[in-house]
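A closer look at the structure
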Amino acid sequence: MAAFRRAGFELKDLSAETVIEAKGVGLVFQTDDGPVEALKGISLKIGRGEFVSFIGPSGCGKTTFLRAIAALEHPTAGSLTVNGMAPDEARRKRAYGYVFQAAGLYPWRTIAGNVQLPLEIIGFSRAERAERVARVLKLVDLDGFGKKFPWQLSGGMQQRASIARALAFDADILLMDEPFGALDEIVRDRLNEELLKLWAETGKTIGFVTHSIPEAVYLSTKIVVMSPRPGRITDVIESTLPRVRPLDIRDSPEFLAIAHRVREGLRAGHAYD
Amino acid sequence: MKSVLPILTVLMALVVLWYGATVLLNAQWTRDQAARAGVEVGFSEILRDTLSQTRPKLPAPHQVVAELWQSTWMEEVYGRRGIVQSGTLSNRSLIYHGWVTLSATMLGFAFGTGLGILLAVGIVHSKAMDLSVMPWAIASQTVPILAIAPMVIVVLASIGIKGLIPKAIIAAYLSFFPVLVGMVKGFRAPDAMQLDLLKTYNASRVGTFWRLRLPSSVPYLFASLKVGIAAALVGTIVGELPAGASAGLGARLLSGSYYGQTIQIWAALLAAATLAAGLVMIVGAVERVVLGRMGMRA
């Protein structure tokens, strides 16, 4: 298994430029109950244009690792670079768009107003803001909803608006923390399909946290399986599925084989204890 | 309109209780008078007399209403000094006194709200202010306003500041506190996720304030303003009491108590209560409009 992983890395190293690189990253939270080791010895390379899923049970550190990439948490050991920079520097250069589990749209802004929030902060001109908002709303299939307020939209549409917001500026990394976790399965399937389309259109590098095995397998080019106490990587799986994936690919033997391996990885990490 | 019936029911109950209390409290005086005159009084005489004394312990509701009517509409329209005949508001009318109080209230409310918001901004953004200002703000409210008001009036008068400003300062002293507490809460209302989101855009503190903290605080602001404006009115009236001010609802209360004019006191009290209710309702109306425009349903 380790040989497979190493081989996978080397393959990527040759084919793509590394965007995110972690070497022995550890992160210890100081809590009232003493120190908690959230991450331990995380080493990983993510190449440009990859779709990487982080999967594991609660407390395995998948969200913490994503937040560390976004410089929202700060590793206490090892080294982590984003676009060759320290995460905080990358954050200041607006290297990534971040999508949270909740849409987190401002209730006092319309959908268009919410999508242009980062553009206002970055300082785009009014004309360019309007142009970009129209473009990304179209990208997430929300054109015509710009003037609506968030509460007038369904949960799935709100989450699409929040993805549009993350896409509105030119970050070429998209970090998504269980973005569809709160949605029902039918909406989730459709959004997964749209997300793949969007990924193909934009060529962004995507880091995606999930606890759904089918979701991880369906979306990813690389699946990182993690386990808790301390949060660590138990397996890294390079997907053999083609880049273009219809929904029914999930019934193919290849898909099931990868899903099986993810499940094995989770079990190996005593994730079900 | 479903809410009208319960309100009217409560009002009716209060009026009935008030009449009952009027009879009970004023009966002693009626009996004393009868005893002095050497006559026997029956229940119907007691009833009639207690509800129509000129200086009752507790005036009957209709007496207070009549006094209100007399000292507003009748005074201004038919009085020699009323606005119809003299062109200026009569100094014997509650409209004039109410206006004096209202203007100081509004000025104090504006001061207090501004101060409360400024302090809240400081507290939210500076750890040092968070630790140092709040205890003092709380301490300031534990000092009885009745004890401080005369000193404020006297000290300011000695440096030549009289009239509206001292009263407004006392009003501000009472009204800044609810605004401060509400706005600190409001500015801190955004959750960690919303703050993280702005962090991913590398937004500055100023940007975060204008785009997130301030809009989030608006519902809290209006809740505080409703308390604050009522507190400002109380502060103004208290400010009118000690210095023997010649105008204002507070002055009216004071002169009423000097001369035992209970009906005048109650009329002024009712005028103050009406004014407070009106002000709170205006703030509520503005709240509905503003939150509606912001896409939030109040």
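Before going further, it helps to examine the overall build of chain B. Scanning chain B from terminus to terminus reveals twelve helices and zero strands. The order of helices and strands in chain B, counted from the N terminus, is α-α-α-α-α-α-α-α-α-α-α-α. Computed over the C-alpha atoms, the radius of gyration of chain B is 24 Å, more than 25% above the 19 Å expected from 2.2 N^0.38 for a compact globule of 298 residues. The dimensions of chain B, computed from C-alpha atoms along their principal axes, are 90 × 55 × 40 Å. Per-residue burial for chain B yields a buried fraction of 43% across its 298 residues. Taking contacts inside chain B between residues at least 6 apart in sequence as the whole, the part at least 24 apart equals 70%. When the accessible surface of chain B is summed, it comes to about 16,000 Å², and 71% of that surface belongs to carbon and sulfur atoms. Taking the average location of the 23 positive side-chain charges in chain B and that of its 12 negative ones, the two points are 10 Å from each other.

Turning our attention to the nonpolar core. Core analysis: the biggest nonpolar cluster contains 122 residues, and F54, F65, V217, I223 and V262 of chain A together with L180 of chain B have the highest contact counts within it. It is helix α10 (residues 205-240) of chain B that provides the largest number of residues to this core, a total of eight residues. Those residues in contact with I223 of chain A that lie beyond four places of it in its chain are S53, I55, A216, V217, D235, V236, I237, I258 and V262 of chain A. Counting 13 residues, the second-largest nonpolar core is a separate cluster that includes L68, L253, I265 and A272 of chain B.

All names here are of chain A. Read across the sheet, six strands follow the order β5-β6-β7-β3-β8-β9 without closing on themselves; strand pairing throughout is mixed. The open sheet is flanked by β5 (96-99) and β9 (232-238), the only strands paired with a single partner. Each strand axis lies, on average, 15° off the axis of its neighbour in the sheet, ignoring direction. Relative to strand β7 (residues 205-210), strand β6 (residues 173-177) runs parallel, the two sharing five bridges. Among the inter-strand pairings, D177 is bridged to a residue of β7, identified as V209.

Residues and elements named next belong to chain B. We note that the domain assignment places domain 1 (1-58) and domain 2 (94-293) within chain B. Opposite the seven residues of domain 1 that make contact, domain 2 presents six residues. Across the interface of domain 1 and domain 2, roughly 500 Å² is buried in total on both sides, 56% from carbon and sulfur atoms. Of all residues in domain 1, the largest losses of buried area upon contact with domain 2 belong to W18, R55 and P56, amounting jointly to 65% of the total for that side. Linking domain 1 to domain 2 there are zero salt bridges. Counting across the interface, domain 1 meets domain 2 through one residue pair in polar contact (both at pLDDT 80 or more).

With that settled, the discussion passes to the domain arrangement of chain A. All names here are of chain A. By the assigned domains, chain A splits into domain 1 (2-95 + 171-268) and domain 2 (106-170). The centre of domain 1, based on its C-alpha atoms, is set 26 Å off from the matching centre of domain 2. The interface of domain 1 with domain 2 comprises 16 residues on the first partner and 14 residues on the second. A buried area of about 1,200 Å², summed over both sides, lies between domain 1 and domain 2, and 69% of it is on carbon and sulfur atoms. Summed over the three residues of domain 1 that lose the most area to domain 2, namely R94, A171 and L198, the buried surface amounts to 39% of that side. Applying the counting rule to domain 1 against domain 2 returns one salt bridge. A salt bridge links R160 to E194, with the shortest nitrogen-to-oxygen separation between them at 3.8 Å. Viewed at the interface, domain 2 and domain 1 are joined by three residue pairs in polar contact (both at pLDDT 80 or more). If you list the elements that add at least two residues to the side of domain 1 that touches domain 2, you get β6 and α8 (185-202). It is α8 that contributes the most residues to the side of domain 1 that touches domain 2, seven residues altogether. Tallied by class, residues from the side of domain 1 that touches domain 2 come to nine nonpolar, one polar and six charged.

Definitions and limits used
- Residues numbered from 1 in each chain as written.
- Chains lettered and ligands numbered in written order.
- Predicted model: local features only at pLDDT ≥ 70, side-chain atom pairs only at ≥ 80, totals over all residues.
- Heavy atoms only, no water.
- Helix = DSSP H or I, 4+ residues; strand = E, 2+ residues; numbered from the N terminus.
- Rg over C-alpha atoms; globule rule 2.2 N^0.38 Å.
- Buried < 20%, exposed > 50% of the residue type's maximum accessible area, 1.4 Å probe, protein only.
- Contact = heavy atoms within 4.5 Å.
- Areas by Shrake-Rupley, 256 points an atom, 1.4 Å probe, with all protein chains shown as cover.
- Lys, Arg positive; Asp, Glu negative; His and termini not counted.
- Charge placed at Lys NZ, Arg CZ, Asp CG, Glu CD.
- Core = buried A, V, L, I, M, F, W, Y, C linked by side-chain atoms within 4.5 Å.
- Pairing = 2+ DSSP bridges.
- Axes fitted to C-alpha atoms, helices over the stretch in contact; angles between N-to-C directions.
- Domains from an automatic or database assignment.
- Buried area = accessible area lost by both parts, 1.4 Å probe.
- Salt bridge = Lys/Arg side-chain N within 4 Å of Asp/Glu carboxyl O.
- Polar contact = N/O pair within 3.5 Å; in protein donor to acceptor, adjacent residues only side chain to side chain.
- Nonpolar A, V, L, I, M, F, W, Y, C, P; charged D, E, K, R; others polar.

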